[in-house]
Amino acid sequence: PSIQRPMIIPTRRRRRRRGLSLLAIVATSSSTPAVRSFVAPVSNSNSLPHEALSPSTTARPPPRRQRGLFAAPVPQGARTQKKKLKTFGRYLEIEMWKMNEIRGIEPVLQSVALACKQINKIVQRAMTDDLYGVAVDASGAPLVENVQGETQQKLDVVCNTIMLRAFCGTGSAICAIASEEEDEPRSCAEVMGDDAFKVGDYVAVFDPIDGSKNIDSSLPVGTIFGIYKHRNMDTAGDISSFLQDGNNMVAAGYCLYSATTVLVLTLGSGVDGFTIDPDKGEFFHTHRDIRIPSTGSIYSFNEANYNDFSEPVQEYLKSIKTPSAEVRPKARYVGALVADIHNILIQGGIYGYPSTRQDPDGKLRLLYEGCPMAMIIEQAGGAASTGYGRILDIAPTKGVHQRIPMFLGSIENVFELDQFHKYYGDSS
């Protein structure tokens, strides 16, 4: 018998918009092998078999295969969804409305958040943009050591410039700054090259990039800052405005550049944390009213210097590592103040950078490292001590780069260490 071939009838274009196939295969006879080989298999198990195709039946082509690493459908339970979080800008608007007396620093804090975003990008590009290593001058020779006796890294110079402009370039709030990378305090008029910036009600202190040597090993680094009320309104760069104890600080914070970029801030009424959303490039309020645990098992000391520590510190470290200790201690030390303090703030425990034989006054700077971190820790319910008293009670007497020993963390841990200083140490 003669074989009747299937008729191919093109559909109208308007039906294509509805998702129909370009060809409607109509078989007048489905009993022959030719028809069965021509009709495309139907992937839907509920569809009619090929032999049952009628002139009104349309065969759709199989779905296009998905390609790539994430071709498989994501299970319902594994799908991610953005949290509904408040932005950093909105948080500042509300807080400044409640604390009108410091409303003038709102644009400054907005500018600092922007500077942290910029530094975060620079840190991530440090290797590809050749920002690793020691800073050099135009001739290629290393720059001279700064006032700390430390050789400046390339990132130190770049990040210092960003922070200078962040504080001084935001209107009439900040009139002078003191930085770890600057030998002496500078007026904002000098920084910006315009006398219009010499007026302001506040002075700022900061460490632009703490732990910059960690960059070479892709370890966490950070930025620390604090804001004081300006004392001498007649002289913008007067050093007396910087030689205040930490109790006069109106705001303090730090930025941590690590697996996530976190901005932690206190305005004197608690501590809050903000995390950058890499998709939107904005800080969002992810840590509300941070409270440090009253006690913790983590201790963060550079025990390579153990033999150079004072007797009270040595005895304290011995005591927390004895088998009779109620809580098994955990040693965590990154080598960057911001990273170690953030770990203690979230997990609880104690961070210590004691004085040593080589550095009898300690290593960390009081004004732009000790006081900002002490304010944050105390506002979160912790304690900050030199071993013999509160860090925030100390007014600098040796200039803006004065050093001190520091112990910060959970209140019970720091109190216990202070007791060892009272028993073994010389409080004079």
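Coordinates for the structure precede this section.
Residues numbered from 1 in each chain as written. Predicted model: local features only at pLDDT ≥ 70, side-chain atom pairs only at ≥ 80, totals over all residues. Heavy atoms only, no water.

Quick look at the sheet that holds strand E15 (residues 383-385)
At step 1: Strand order in the open sheet formed by five strands is E12-E11-E13-E17-E15, and the pairing between neighbours is mixed. In this open sheet, the two strands that pair with only one neighbour each are strand E12 (330-331) and E15. (Pairing = 2+ DSSP bridges. Helix = DSSP H or I, 4+ residues; strand = E, 2+ residues; numbered from the N terminus.)

Thoughts on the pattern of salt bridges
At step 1: The tally for this structure, following the rule as stated, stands at 14 salt bridges.
At step 2: In this structure, the salt-bridge partner of Glu182 is Arg186, at a minimum N-O distance of 3.4 Å.
At step 3: With relative accessibility at 18%, the residue Arg186 sits in the buried group. (Salt bridge = Lys/Arg side-chain N within 4 Å of Asp/Glu carboxyl O. Buried < 20%, exposed > 50% of the residue type's maximum accessible area, 1.4 Å probe, protein only.)

Some remarks on the sheet that holds strand E3 (residues 174-179)
At step 1: In space, the eight strands of this open sheet follow the order E4-E3-E5-E6-E7-E8-E9-E10, with mixed pairing throughout. Either end of the sheet is taken by a strand with one partner, and the two such strands are strand E4 (186-187) and strand E10 (282-287).
At step 2: Of the pairings in the sheet, the one linking strand E7 (residues 249-257) to strand E8 (residues 261-266) comprises six bridges and is antiparallel in character. Its bridge partner lying in E8, Tyr254 is registered against Val264.

Topic: the environment of Leu109
At step 1: Among the structural elements, Leu109 can be located in helix H4 (residues 106-124).
At step 2: Judged by relative accessible area, which is 2%, Leu109 ranks as buried.
At step 3: Linking Leu109 and Thr170, residues 61 residues apart in sequence, is a C-alpha distance of 9.4 Å.
At step 4: Leu109 has contacts with Phe88, Leu92, Met96, Phe225, Ile227, Leu265 and Leu267, leaving out every residue within four places of it along the chain. (Contact = heavy atoms within 4.5 Å.)

A closer look at the state of the cysteines
At step 1: What the rule picks out here adds up to two disulfides.
At step 2: Note on cysteine connectivity: Cys116 is disulfide-linked to Cys255, with sulfurs 2.1 Å apart. Looking down the S-S bond of the Cys116 and Cys255 bridge, the torsion is 85°, so its handedness is right-handed. Taken together, the residues Cys116 in helix H4 and Cys255 in strand E7 connect sequence positions 139 residues apart. By the burial criterion, Cys116 is buried, and Cys255 matches it.
At step 3: The disulfide that involves Cys168 links it to Cys188, with 2.2 Å between the sulfurs. Linking Cys168 and Cys188, the disulfide has an S-S dihedral of approximately -70° and is accordingly described as left-handed. Here Cys188 lies in helix H6 (residues 188-192) and Cys168 lies in helix H5 (residues 154-168), a separation of 20 residues in the sequence. (Disulfide = S-S within 2.5 Å.)

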